[in-house]
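Spelled out from the first residue to the last, the chains are:
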Amino acid sequence: MSYNASDISVLEGLDPVRKRPGMYVGSTSVKGLNHLVYEILDNSVDEHLAGYCNSISVSLNKDGSATVEDDGRGIPVDLHEKGYPAERIIMTTLHAGGKFDNTNYKTAGGLHGVGSSVVNALSNKMIVEVSRDGQVWRDEYAKGAPTVKLKKGELLPVTGKAKKTGTKITFWPDDTIFDTVKFKAESIRERLRETAFLNPALTITFVNSRDGREPEVFNEPDGIAGFVDSLVAQDQEAKRITETVTVKGERDGIKIAVSFCFTQTYGDNVVSFCNNINTMEGGTHVVGFKSGFAKVINQYARELGNLKGKDASFTGNDTRNGMTAVISVSHPSPRFEGQTKTKLDNTDVQSAMMSILNSGLQHYFDRNLDCLKTIIARAETAAKVRKEEEKLRTNLADKKFAFEGNGKLARQESNDPSKCEIFIVEGKSAGGTAKTGRDRKYQAILPIRGKILNVEKQSVDKVLANDEIKSIVNALGCGFSQGYGNDFDISKLRYSKIIIAADADVDGGHICTLLLTLFYRFMPELIYAGKLYRAMPPLYRVKPKRGKPEYIYDDKALAEYRKKHGNAFDIQRYKGLGEMDSDQLWETTMDPKTRKLKQINMQDVIDANRLTSVLMGEEVAPRREYIVSNADKANLDV
Ligand code: 0R9
């Protein structure tokens, strides 16, 4: 292939993209690969925002290419001042888009907003088909360079007649650039669904020809309110306690839309966007929303008498206890900062958000007092738990963690954190049995032997020098933090569930308590995120004279069983996990299909702290009382 002068300048133009692809699409991993689709998709969404495109389709094709098609005006194909079709300039020049933009042209923007020329540069082949002015125009490229030769002043070849208008782009990602050229369909699907929620008048079709599934159509006329509802529906634990509230408005050209609802969960889930870009790192719109919301709730709480005279106001976190929210703003010239350029920086958004939210919420709450009262009640609960936590943290600083023995982690085979779980198993023999009985692919076992020492204050350094604690921290892979420190990173957690498997007796209670306080002190986010569980092994195995043996998990269930079977059955009481063989341990405690787990929440931590005070404190009487009242729970060895 020979190049003329304009080709060379074109190649030089896109050269930086091929030299440093990570700069333009984030990385050369599958994330960067998917980003190619998003760059092209964003151009079609821009055309929708400009008011000309109603439907977009995204296809992952069998030959490894991806196609994005929209029904907008079509990329202009007339000659640009440089003497080549506008489409070609767009596809071969970095940042070319701006030169053609008319004043109404809004940008959805990608990670760095450089668009289709980047995709072109990083593709082995790219085909652009534009339907416009009654014709279909076609252009083609290889690794960013045009393969259709055009003389200066010449238009693109026409391949047929067009009844409608639109743009269709198909590209084959360059396998010498990307680590993989297999798109991650599930992430693309999620992105399309999200885009449909943010653009209620848009219809997006997803065709994944690779797996032969039916095309999926995303059209979400309820917009961000529907987004909130879908987030709540995804969380099986979340029980809704308010309807979804939407506040919208516009100030100084900044459009604001917010939807939220409350569920019976702790903490909040606030998802934010600016000009269709997911602002993962938050920014001025999120700050404005959080402070504006807290201000309104505190004002009402004082008016209604929930907060009196000198009472401290609710914190922002208190007021969002149980909230799921989606924020979407659009700004004529957004600025993004932060590590991944996903933090909105425009200060005018904060004040616009606060004023629109203030009047919108007042309008709504004045007419929906029940909803307001529910939110205030949730804030009151949060404030109570927060105060307990503050006490707890001071108490915990005085406690010592000590484990004996150094259990070895038996790793699982899979590296997919979403499917893996770790059992922290108390006791040497139970640890061994669990290693035999487990599902090796997805279950890891960390045996520990615990003993609580009732001693004087211990420094953090010493606690973390403890081998057993180190092995827990190392196994989980997400670091640790003191309280809310920065070393901890939950995204690095290697497991979807951390399961404490301890005997159902006082000793087991001790070790569980100890682990809870350890997690709370050094990895509290694991508790907030609901990653921590306690296995609930059965207390009894019963076998009627005729019939199958059954496991019984508590005394109430045993009483029921007695009612049904009289005394005509054999009963085995489990004193500890170590008494079960590997099949029994699998069936009763480890098999996801049959086991019973209890998810640990903040109340458990607070209870555990009380228990620790009882068991480790100075006073003998409450300790004795606890032990006596729990003596029925099997072997006492305190
Ligand atoms: C399949 C992916 N779609 C696109 O990449 C796409 C870009 C695009 C577009 C315009 C319309 N549809 C598009 N789809 C457009 C047309 C006009 C003005 N602005 C935008 C017009 O007809 O006047 N363009 C994006 C950038 C450009 N066009 C431009 F810079 F070439 F104008």
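Bear in mind that the values here come from a model prediction, so they are computed numbers and not experimental data. (Residues numbered from 1 in each chain as written. Predicted model: local features only at pLDDT ≥ 70, side-chain atom pairs only at ≥ 80, totals over all residues. Heavy atoms only, no water.)

**Section: the overall build of the protein**
Counting secondary structure elements, the protein contains 21 helices and 25 strands. A buried classification covers 49% of the 638 residues belonging to the protein. (Helix = DSSP H or I, 4+ residues; strand = E, 2+ residues; numbered from the N terminus. Buried < 20%, exposed > 50% of the residue type's maximum accessible area, 1.4 Å probe, protein only.)

**A closer look at the packing of aromatic side chains**
How two aromatic rings sit relative to each other is given by the distance of their centres and the angle of their planes. Under the defined criterion, the tally for this structure stands at 10 aromatic pairs. Ring centres of Phe 227 and Phe 273 lie 5.8 Å apart, and the angle between their planes is 40 degrees; on these two criteria the pair is classed as tilted. Here Phe 227 is found in helix 8 (residues 223–234), whereas its partner Phe 273 is found in strand 12 (residues 269–274), with 46 residues between them in sequence. Judged by relative accessible area, Phe 227 falls into the buried class, the value being 7%. (Phe/Tyr/Trp six-rings, centres within 6.5 Å; stacked < 30°, edge-to-face > 60°.)

**Here we look at unusual backbone geometry**
Apart from glycine, the bulk of residues carry a negative phi angle, and the bulk of peptide bonds sit in the trans form. Phi angles above zero are rare outside glycine, and Asp 252 is one such case at about 50 degrees. Mapping Asp 252 onto the fold places it in the loop between strand 10 (245–251) and strand 11 (254–262). On the accessibility criterion, Asp 252 (69% relative accessible area) is exposed. Even without glycine at this site, Asn 276 takes up a positive phi of about 75 degrees. For Asn 276, the location among the structural elements is in the loop between strand 12 and strand 13 (277–278).

**What about the environment of Arg 521?**
Mapped onto the elements, Arg 521 comes out in helix 16 (residues 506–522). The class of Arg 521 is buried, set by a relative accessible area of 8%. Sequence-wise, Arg 521 and Phe 480 are 41 residues apart; in three dimensions their C-alpha atoms are separated by 9.0 Å.

**Describing the pattern of salt bridges**
For the structure on display, the rule yields 22 salt bridges. In this structure, the salt-bridge partner of Asp 211 is Arg 213, at a minimum N-O distance of 3.1 Å. For Arg 595, the salt bridge is made with Glu 421, and the minimal N-O distance between the two is 2.6 Å. You can see Arg 595 sitting in the loop between helix 19 (582–590) and strand 25 (597–599) and its partner Glu 421 sitting in strand 18 (residues 421–426), a full 174 residues away along the chain. You'll find Arg 595 and Glu 421 in the same group, each marked buried. Each of Glu 186, Arg 189, Glu 190 and Glu 216 takes part in a single network of salt bridges with overlapping partners. (Salt bridge = Lys/Arg side-chain N within 4 Å of Asp/Glu carboxyl O.)

**Structural notes on the nonpolar core**
Within the largest apolar cluster, 46 residues are counted, with the highest numbers of intra-cluster contacts made by Val 58, Phe 171 and Ile 188. When residues in this core are grouped by element, the largest group, 7 residues, is from helix 3 (residues 30–49). Beyond its immediate stretch of four places on either side in the chain, Val 58 contacts Val 37, Leu 41, Thr 67, Val 68, Ile 188, Leu 192, Thr 205, Phe 206 and Val 207. Grouped together as the second largest cluster of nonpolar side chains are 37 residues, Ile 448, Ala 475, Ala 502 and Ile 511 included. (Core = buried A, V, L, I, M, F, W, Y, C linked by side-chain atoms within 4.5 Å. Contact = heavy atoms within 4.5 Å.)

**Examining the pairing of strand 10**
Pairing of strand 10 with strand 11, which is carried by 7 bridges, proceeds in the antiparallel orientation. Among the inter-strand pairings, Val 247 is bridged to a residue of strand 11, identified as Val 258. Counting the residues that bridge the hairpin from strand 10 to strand 11 gives 2 residues, and of these Asp 252 lies at a positive phi of roughly 50 degrees. (Pairing = 2+ DSSP bridges.)

**Some words on helix 16**
For helix 16, which comprises 17 residues, the first-to-last C-alpha distance of 24 Å matches the rise-based estimate of 24 Å (1.5 Å per residue) to within 8%. In terms of burial, helix 16 is largely enclosed, as 17 of its 17 residues are buried. (Expected span 1.5 Å × (residues − 1).)

**Things to note about the environment of Thr 246**
Here Thr 246 lies in strand 10. Classification of Thr 246 as partly exposed rests on a relative accessible area of 39%. In this structure, the C-alpha to C-alpha distance between Thr 246 and Tyr 364, residues 118 residues apart in sequence, is 9.0 Å. In this view, Thr 246 contacts Ala 225, Val 258 and Ser 259; residues no more than four positions away in its chain are not counted. A polar contact of 2.7 Å, which involves the side chain of Thr 246, links it to the side chain of Ser 259. (Polar contact = N/O pair within 3.5 Å; in protein donor to acceptor, adjacent residues only side chain to side chain.)

**Description of the packing of helix 7 (residues 185–198) against helix 8**
For the pair helix 7 and helix 8, the least separation of the axes is 7 Å and the interaxial angle reads 140 degrees. Classified by the angle between their axes, helix 7 and helix 8 sit oblique to one another. Between helix 7, through Arg 193, Glu 194, Phe 197 and Leu 198, and helix 8, the contact on the second element is made entirely by Gly 223, Ile 224, Gly 226, Phe 227, Ser 230 and Gln 234. Taken together, the residues that form the contact of helix 7 with helix 8 break down as 4 nonpolar, 4 polar and 2 charged. (Axes fitted to C-alpha atoms, helices over the stretch in contact; angles between N-to-C directions. Parallel < 35°, antiparallel > 145°, perpendicular 65-115°, else oblique. Nonpolar A, V, L, I, M, F, W, Y, C, P; charged D, E, K, R; others polar.)

**Re the confidence of the model for the protein**
Summing up the model confidence of the protein, the mean pLDDT is 85 and the portion of residues at 70 or higher is 84%. In this model, residues 96–114 is a region of pLDDT below 50 whose contacts with residues beyond four sequence positions or in other chains number 44 contacts. Across residues 630–638 the pLDDT falls below 50, and counting only partners more than four positions away or on other chains, this stretch makes 19 contacts in the model. (pLDDT = per-residue confidence, 0-100.)

**Considering the sheet that holds strand 13**
Spatially, the 5 strands line up as an open sheet ordered 10-11-14-12-13, and their pairing is mixed. If you trace the sheet from one side to the other, it starts and ends with strand 10 and strand 13, each paired once. Sheet contacts for helix 8: strand 10, strand 11, strand 12 and strand 14 (323–330); angle to strand 14, the most-contacted strand, approximately 150 degrees. Sheet contacts for helix 11 (residues 347–367): strand 10, strand 11 and strand 14; angle to strand 10, the most-contacted strand, approximately 135 degrees.

**Regarding the packing of helix 3 against helix 7**
At their nearest, the axes of helix 3 and helix 7 sit 11 Å apart, and the two run at 20 degrees to each other. The angle between helix 3 and helix 7 places the two elements in the roughly parallel class. Like other packed secondary-structure pairs, helix 3 and helix 7 cross with a definite hand, here right-handed. Judged by residue contacts, Asn 34, Val 37, Tyr 38, Leu 41, Asp 42 and Val 45 of helix 3 engage Ser 187, Ile 188, Arg 191, Leu 192 and Thr 195 from helix 7. (Left-handed = near helix turned anticlockwise from the far one by under 90°.)

**Describing the side chain of Ser 272**
Structurally, Ser 272 is set in strand 12. Residue classification places Ser 272 among the buried positions, given a relative accessible area of 3%. Here Thr 279 takes part through its side chain, which lies 2.7 Å from a polar atom of the side chain of Ser 272. In contact with Ser 272, not counting residues within four places along its chain, are Ile 277, Asn 278, Thr 279, Gly 282, His 285, Val 286 and Ile 327.

**Here we look at the state of the cysteines**
Summed over the entire model, instances satisfying the criterion amount to 0 disulfides. As a non-bridged cysteine, Cys 371 has Cys 261 as the owner of its nearest cysteine sulfur, 9.2 Å distant. Residue class for Cys 371 comes out buried when judged on its relative accessible area of 9%. (Disulfide = S-S within 2.5 Å.)

**A word on the sheet that holds strand 23 (residues 550–552)**
Taken in spatial order, the 3 strands line up as 23-22-24 in an open sheet, and their pairing is antiparallel. Two strands in the sheet have a free side with no partner beyond their single neighbour: strand 23 and strand 24 (569–573). With direction set aside, neighbouring strand axes in the sheet form an average angle of 25 degrees. Two strands pair when backbone bridges link them, and strand 22 (residues 540–544) and strand 23 are joined in this way by 3 bridges, in the antiparallel orientation. Bridged to Val 542 within strand 23 is Glu 550. Along the sheet face, helix 18 (residues 555–565) touches strand 22, strand 23 and strand 24 and points at about 10 degrees away from the line of strand 22.

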